Amino acid sequence: MELTNLLGKLKMDHLEAQLDVVCEQAAKRELDYKSFLSEALQTEWQGRHLRGIEARLRLARFPWVKTLDQFDYDFQPSLDRKQVRELAGLSFVERAHNVVILGPPGVGKTHLSVGLGVKAVEAGYSVLFLTLESLMTRLVRAQHENRLERSLQQLTYPKLLMIDELGYLPLSRTEASLFFRLVVRRYERSSLIVTSNKSFLDWGEIFNDHVLATAILDRLLHYSTTLNIKGESYRLKEKRKAGLLGQPRAEAENEEVITDA
Ligand code: ADP
Ligand code: MG
């Protein structure tokens, strides 16, 4: 059988596409048989690996892709970069622990969670990013259509589920109990990253029910790391740099509320 035909049958698309280059390189470097075979197979493996990352990145549905390397830690001194580095090692995903990122608007909560999500994707984990609003729409619709069980099951599948923006919208009792069911499902099985602009004390208001909020926090925080960012909005810094804002803090904070509301 002809070589390209054989590679096609073996589904070695990447090697097939780069066959000439691989062979030329091998000839140039006078590789022995074993080294050549190793190089050729590595070409195929590398291609598959990258394709897997691209597919998982698409499935993760990040709002945008930013990495932890793009995060400016000097701008956010309240954030412990050692703690972020530790999280980036992903042992929390391995152990099904959670991460909660708290802080006012614009301090980089979504950026950090997406950055950790990208790391997890690169490491081969299945990841899904949802805003609280889209999560709720999904669960409430599933409940109306009598397929809540299946929907909850699907949401337990990603090894890392990210729920962004807790606290902007208060939840109804029904929504809060759906959120609780999801947290219970994932508890000790797979990780959550939750971001919120509200401190834990205010979660009773988010969930419209203090008992339920306590039960949610109990499971969420049992095995977890909390990053509490206390700094200034990065969005404001950029506006200020562009000369769109003055220096006074009170004015700046008002502007931020308008931007993020
Ligand atoms: P939050 O989710 O806390 O409201 P975001 O993560 O959406 O904030 O950050 C707002 C914007 O500012 C994003 O474009 C983000 O990439 C950027 N950003 C925030 N903090 C930093 C930082 N410390 N270094 C670099 N970019 C940052
Ligand atoms: Mg955000």
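Residues numbered from 1 in each chain as written. Chains lettered and ligands numbered in written order. Predicted model: local features only at pLDDT ≥ 70, side-chain atom pairs only at ≥ 80, totals over all residues. Heavy atoms only, no water.

Colleague: Mind showing me how you'd approach the layout of surface pockets here?
Modeller: The rolling of a water-molecule-sized probe over the atoms marks out the regions of remaining empty space. Taken as a whole, the largest pocket holds about 550 Å³ of empty space. For the lining of the largest pocket, the secondary structure elements donating two or more residues are α6 (109-122), β2 (127-131), β3 (160-166) and α12 (234-241). In the lining of the largest pocket, the residues fall into eight nonpolar, eight polar and eight charged. When residues of the lining of the largest pocket are assigned to domains, at least three fall in each of domain 2 (68-230) and domain 3 (235-261). (1 Å grid on protein atoms, 1.4 Å probe; cavity = no way out; pocket = protein on both sides within 12 Å on 5 of 7 lines; lining within 4 Å. Points joined across faces, edges and corners; volume = space filled by probe spheres on them. Helix = DSSP H or I, 4+ residues; strand = E, 2+ residues; numbered from the N terminus. Nonpolar A, V, L, I, M, F, W, Y, C, P; charged D, E, K, R; others polar. Domains from an automatic or database assignment.)

Colleague: Mind showing me how you'd approach the confidence of the model for the protein chain here?
Modeller: It should be kept in mind that the predicted coordinates are not to be read in detail where pLDDT is low. Scored by pLDDT, the protein chain has a mean of 92; 93% of the residues are at 70 or more. Below a pLDDT of 50 lies the segment residues 250-261, which in the model reaches 15 contacts outside its immediate sequence neighbourhood of four places, other chains included. (pLDDT = per-residue confidence, 0-100. Contact = heavy atoms within 4.5 Å.)

Colleague: I tried to follow the site of ligand 1 on my own but got confused; where do I start?
Modeller: Close contacts around ligand 1 come from 15 residues, with K66, D72, G106, T110 and H111 the closest. Side-chain polar atom of K66 to an oxygen atom of ligand 1: 2.7 Å apart, as the coordinates give it. Here an oxygen atom of ligand 1 and a backbone polar atom of G106 are 2.7 Å apart. Relative to its unbound accessible area of 550 Å², ligand 1 is 91% covered by the protein chains. The cavity where ligand 1 resides is the largest pocket. For the shell around ligand 1, the elements supplying multiple residues, two or more each, are α6 and α12. Partitioning the shell around ligand 1 into residue classes produces six nonpolar, five polar and four charged. (Near = heavy atom within 4 Å. Polar contact = N/O pair within 3.5 Å; in protein donor to acceptor, adjacent residues only side chain to side chain. Areas by Shrake-Rupley, 256 points an atom, 1.4 Å probe, with all protein chains shown as cover. Sits in = over half its atoms within 2 Å of the grid points.)

Colleague: Whenever I open this one, the sheet that holds strand β5 (residues 224-228) confuses me. Can you help?
Modeller: Backbone hydrogen bonds hold the strands of a sheet together, and the pairing may be parallel or antiparallel. Taking strand neighbours across the sheet as the criterion, the five strands line up as β2-β3-β4-β1-β5 in an open arrangement whose pairing is parallel. Edge positions in the sheet fall to β2 and β5, since each has one partner strand and no second. Averaged over all pairs of adjacent strands, the angle between strand axes in this sheet comes to 10 degrees, irrespective of strand direction. Alignment of β2 against β3, held across five bridges, turns out to be parallel. Note that in β3 the partner of L130 across the bridge is I163. Strands in contact with helix α7 (residues 132-144) are β2 and β3; relative to β2, the strand with the most contacts, it is inclined by about 95 degrees. (Pairing = 2+ DSSP bridges. Axes fitted to C-alpha atoms, helices over the stretch in contact; angles between N-to-C directions.)

Colleague: Just to check I follow, could you spell out the domain arrangement of the protein chain for this structure?
Modeller: The figure often quoted for interface size is the accessible area lost as the parts come together. In terms of domains, the protein chain is made up of domain 1 (3-48), domain 2 (68-230) and domain 3 (235-261). A straight line from the C-alpha centre of domain 1 to that of domain 2 covers 43 Å.

Colleague: Help me understand the environment of T225 in this model?
Modeller: Tracing the backbone shows T225 in strand β5. For T225, the residues in contact, after removing those within four places along its chain, are Q83, L87, N98, V99 and V100.

Colleague: Any chance you could explain the packing of α7 against helix α8 (residues 148-156) here in plain terms?
Modeller: Two elements in contact, α7 and α8, have axes whose closest approach is 7 Å; the angle formed by their N-to-C orientations is 145 degrees. Here L135, R138, L139, A142 and Q143 of α7 come into contact with α8, specifically with L148, S151, L152, Q154 and L155. When grouped by side-chain class, the residues that make up the contact of α7 with α8 number six nonpolar, three polar and one charged.

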